[in-house]
Amino acid sequence: MRTLIILAVALAATGCTRVSLDHHLNNAYRAYNEGDCAQVALELSQAERKSRSRSYLQPEISLLRGQCLERESLFVDAAQTYQFIITRYPASEYAYRARARLQTLEQLGHHSPAPAVKVSPAAL
């Protein structure tokens, strides 16, 4: 009986965390639609704290953060956020979206791709 109670409490705590995480993500999207990027940043920060064990949500959180940075004309920061998504989660749908956002920033003249860096060994 004791094991059943402990298991029920553990499952309830996990469910509460997920509900809270969804609440923060929903609030972030709502704030983004209203154009309130400060509130988006707050909600995403709270969502990130709740999602530490759910790394599959990070690309979604990062994409919304990048879009808000774009909206605030912080194009370099937005491009770096998109590059983070592409590098860290290359096969996700969010990487595809991040590539599209980078292309749009390039077409608008807000971002130019970094030139390839040539690496050579140090002289002895």
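See above for the structure.
Since the model is a prediction, treat every value here as computed from it, not as a measurement.

Cut-offs used in this document
The residue numbers shown here count from 1 along each chain, following its written sequence. Where local features are concerned, this predicted model is filtered to residues with pLDDT of at least 70; where side-chain atom pairs are given and counted, the filter is 80 or more; whole-chain, interface and lining totals use all residues. To obtain the side-chain values, all non-hydrogen atoms of the structure were included, while hydrogens and water were left out. By the criteria applied, helices consist of DSSP H or I runs no shorter than four residues and strands consist of E runs no shorter than two, each listed in order from the N terminus. Working rule for helices: expected span equals 1.5 Å times residues minus one. Accessibility here uses a 1.4 Å probe with only protein chains present; expressed as a share of the type maximum, an area under 20% marks a residue as buried, one over 50% as exposed, and anything in between as partly exposed. What the arc describes is the spread of directions from the helix axis to the C-beta atoms. Contacts: residue pairs with any heavy atoms within 4.5 Å of one another. A residue counts as positive if it is Lys or Arg and as negative if it is Asp or Glu; His and the chain ends are not included. Between Lys or Arg on one side and Asp or Glu on the other, a salt bridge is scored when a side-chain nitrogen of the former is within 4 Å of a carboxyl oxygen of the latter. We call two N or O atoms a polar contact when they sit within 3.5 Å, provided that within protein one can donate a hydrogen and the other can accept it, with sequence-adjacent residues counted only if both atoms are side-chain atoms. Only the stretch in contact is used when a helix axis is fitted, and all axes are lines through C-alpha atoms; the angle between N-to-C directions ranges over 0 to 180 degrees. Geometric relationships in this document are graded by angle, where less than 35 degrees denotes roughly parallel, more than 145 denotes roughly antiparallel, 65 to 115 denotes roughly perpendicular, and other angles denote oblique. When the near helix sits turned anticlockwise from the far one by under a right angle, the crossing is termed left-handed; a clockwise turn instead gives a right-handed crossing. For this classification, Asp, Glu, Lys and Arg are treated as charged, while Ala, Val, Leu, Ile, Met, Phe, Trp, Tyr, Cys and Pro are nonpolar and the rest, including Gly, are polar. Stacked, tilted and edge-to-face are the three classes assigned to paired rings of Phe, Tyr and Trp, where Trp is represented by its six-membered ring and a pair needs centres within 6.5 Å; plane angles under 30 degrees give stacked, over 60 edge-to-face, the rest tilted. In this scheme, Lys NZ or Arg CZ marks a charge over a ring once it lies within 6 Å of the ring centre and within 35 degrees of the ring normal.

Focus: helix α5 (residues 93-107)
In a regular helix each residue adds 1.5 Å, so 15 residues correspond to 21 Å; α5 covers 21 Å between its end C-alpha atoms and thus fits that length. Buried within α5 are the following residues: Tyr94, Ala95, Ala98, Leu102 and Leu105. Seen from one end, α5 has its buried residues packed into an arc of 100 degrees, which puts them on one side. Opposite the packed face of α5, turned more than 90 degrees from it, sit the exposed residues Tyr96 and Gln107. Tucked inside the fold, the buried residues of α5 contact α3 (58-71) and α4 (75-88). Count one or two residues on from α5 and you reach Gly109, which has phi positive near 80 degrees.

Quick word on the side chain of Glu60
Residue position: Glu60 is located in helix α3. Comment: no salt bridge for buried Glu60; closest opposite-charge side chain is Arg97, at 7.0 Å. Within the structure, Glu60 has its side chain in polar contact with the side chain of Tyr29 (distance 2.8 Å). Contacts of Glu60, omitting those with residues within four sequence positions, involve Leu25, Tyr29 and Tyr94.

Brief notes about unusual backbone geometry
With phi around 65 degrees, Ser73 is a residue other than glycine that occupies positive phi space. Considering the arrangement of structural elements, one finds Ser73 in the loop between α3 and α4. Given the relative accessible area of 48%, Ser73 is considered partly exposed.

Description of the packing of helix α2 (residues 37-50) against α3
The N-to-C vectors of α2 and α3 enclose an angle of 165 degrees; their axes lie 10 Å apart at closest approach. It follows that α2 is roughly antiparallel to α3 by the angle criterion. Along this stretch, α2 crosses α3, giving a crossing that reads as left-handed. Residues Cys37, Val40, Leu44, Ser45, Ala47 and Glu48 of α2 form the contact with α3, whose participating residues are Gln58, Ile61, Leu64, Arg65, Cys68 and Arg71. Taken together, the residues of the contact of α2 with α3 sort by class into 7 nonpolar, 2 polar and 3 charged.

Overview of the packing of aromatic side chains
Following the criterion strictly, the structure yields 1 aromatic pair and no others. Ring centres of Phe84 and Tyr89 lie 6.3 Å apart, and the angle between their planes is 80 degrees; this geometry places the pair in the edge-to-face category. Here Tyr89 falls in the buried class, since its relative accessible area comes to 16%. A cation over a ring is seen here: Arg71 above Tyr32, with NZ or CZ 3.8 Å from the ring centre.

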